[in-house]
Amino acid sequence: MTLDTGPKGIAILGSTGSIGCNTLRVIESLGAERFRVVALGAGHNVQELALQIASHLPEMVSVDSEEAAHDLRARLFENDVDLPRIIVGEPGLIEVATHPQADIVVSATVGAVGFVPTLRALEAGKRVALANKETLVMAGELMTKAARESGAELLPVDSEHNALHQCLRGEKRSEVRRIVLTASGGPFRTRSAAQMEASTVSEALRHPTWNMGAKITIDSATLMNKGLEVIEAHWLFGFAPDEIGIVVHPESVVHSMIELVDGSVIAQMGVTDMRHAIQYALTYPDRHSCELPPLDLTALSVLHFEAPDLERFPCIGLAYRALREGGTLPAAMNAANEVAVPAFLEERISLTDIPRIIEAVMDGHDTQPATELATILEADRAARIAAALEIQKLPKPAPLVA
Ligand code: MG
């Protein structure tokens, strides 16, 4: 255990991804007297991981294969960097997540891979700074129960939920009528249904306001990201589906808001940079100065707000349905999406096939109570197989003519 006065130990799941790299920048800017990195979990980006090891000297790291471990050793040896302990695969990620010297675990892997390690971190009583929303979508009940039982804190890094956490500070739950998530609307906000059907991978990857990884950028183009966030908000803050709204706000300046019983609305605003939310989750309940420039409202002039188009973005309706029906249905929805998104990135299906595949998988899913880890993992596995079969049934999209 670290003494309260010393630097807090940090473990990062997904250290070489967008959130992982930004977390390390935040830690560097806050200084070694506040935080130190004790463990890093990565996949196979050995080049980036080797640089991270050289600058942060973690005690242990994990990678996704023996081959990556071999490459990493060679690279560190070549550059005369002391070898940390290197562990491979999910056991490695779990060791990172439960490292005895880690006070805070940043959960930033993409998709379902971080699920079990994040659960183990909560069971071990760590503060979890959660960027991996899929984890709560799959198993919100299990995750929040583990946190309650061990006393672990769950701090959202997702910008909307981080904003909501800030807005809800000091408000009585009984005096909050609803919470409202803002959505940028993604690159297809103003496109017709026909244009969306024919959209290319590079168009879908061009997010207007946030610079993120490929999976979440496609989720932002289909608005499944907002659907996942509705479920995430339910588990983080305990609001019912009818008390969670979505407003499209293309400038992404208002990160989310709450509506109180007297009609007052409290919004959190800031620049679109994930380092704000990461820093908040690491330093809560304190605040420290941040290296980012402050928000200049005079440079913005206008902010727009509009209702989301549920016809063109059916993923939103699918997510509300999954949350209302509950059990393993959100896990099945998430798994189907995780299979459909790479299929789109590989140009095997069109963008608008993504919600079709998810809906077909949800229709065929045999929903069970989501109170056991094994049941959730089985739902995830079955939905992945079902999604792959749905993809096979679809005609391959015609090559697009420029
Ligand atoms: Mg978000």
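Anything mentioned here points back to the structure above.
Here is a short report on the structure shown in this document. (Residues numbered from 1 in each chain as written. Predicted model: local features only at pLDDT ≥ 70, side-chain atom pairs only at ≥ 80, totals over all residues. Heavy atoms only, no water.)

Observations regarding a nonpolar patch on the surface
A cluster of nonpolar residues, Met269, Leu297, Leu303 and Phe305, forms a patch on the protein surface that exposes about 340 Å² of accessible area. With respect to the helices and strands, methionine 269 occurs in strand β11 (residues 265-269). When its relative accessible area of 38% is taken as the criterion, methionine 269 is described as partly exposed. (Patch = residues over 30% accessible without salt bridge, like charges linked within 9 Å, V, L, I, M, F, W, Y side chains within 5 Å. Areas by Shrake-Rupley, 256 points an atom, 1.4 Å probe, with all protein chains shown as cover. Salt bridge = Lys/Arg side-chain N within 4 Å of Asp/Glu carboxyl O. Helix = DSSP H or I, 4+ residues; strand = E, 2+ residues; numbered from the N terminus. Buried < 20%, exposed > 50% of the residue type's maximum accessible area, 1.4 Å probe, protein only.)

Looking at the environment of valine 341
Secondary-structure assignment places valine 341 in helix α14 (residues 329-345). With sequence-adjacent residues up to four places away left out, valine 341 is seen in contact with Lys215, Ile218, Asp219 and Ile354. (Contact = heavy atoms within 4.5 Å.)

Thoughts on the coordination of the magnesium ion
Donor atoms from the polypeptide that bind the magnesium ion are Asp158 (OD), Glu160 (OE) and Glu229 (OE), placed at 2.0 to 2.1 Å. Its relative accessible area of 8% is what places aspartate 158 among the buried residues. The class for glutamate 229 is buried, based on a relative accessible area of 1%. (Donors = N, O, S within 2.8 Å, 3.2 Å for Na, K, Ca; no water.)

Topic: helix α15 (residues 353-364)
Structurally, the α-helix is built with 3.6 residues per turn, so residues lying three or four positions apart point the same way. Between its first and last C-alpha atoms α15 spans 17 Å; for twelve residues at 1.5 Å apiece the expected length is 16 Å, and the two agree. Among all positions of α15, only Asp353, Ile354, Pro355, Ile357, Ile358, Val361 and Met362 are buried. Where α15 is buried, its residues meet α10 (214-222), α11 (224-237), α13 (314-325), α14 and α16 (373-393). (Expected span 1.5 Å × (residues − 1).)

Points about the side chain of asparagine 225
Within the secondary structure, asparagine 225 is located in helix α11. Those residues in contact with asparagine 225, other than ones at most four positions away along the chain, are Lys133, Ile216, Asp219 and Ser220.

A short note on unusual backbone geometry
Looking along the chain, the bond that leaves tyrosine 284 and enters proline 285 is cis, with omega of 5 degrees. For serine 301, which is not glycine, the phi torsion reads 65 degrees and is therefore positive. Considering the arrangement of structural elements, one finds serine 301 in the loop between α12 (274-283) and α13. Positive phi values are uncommon outside glycine, yet glutamate 347 reaches one of about 60 degrees.

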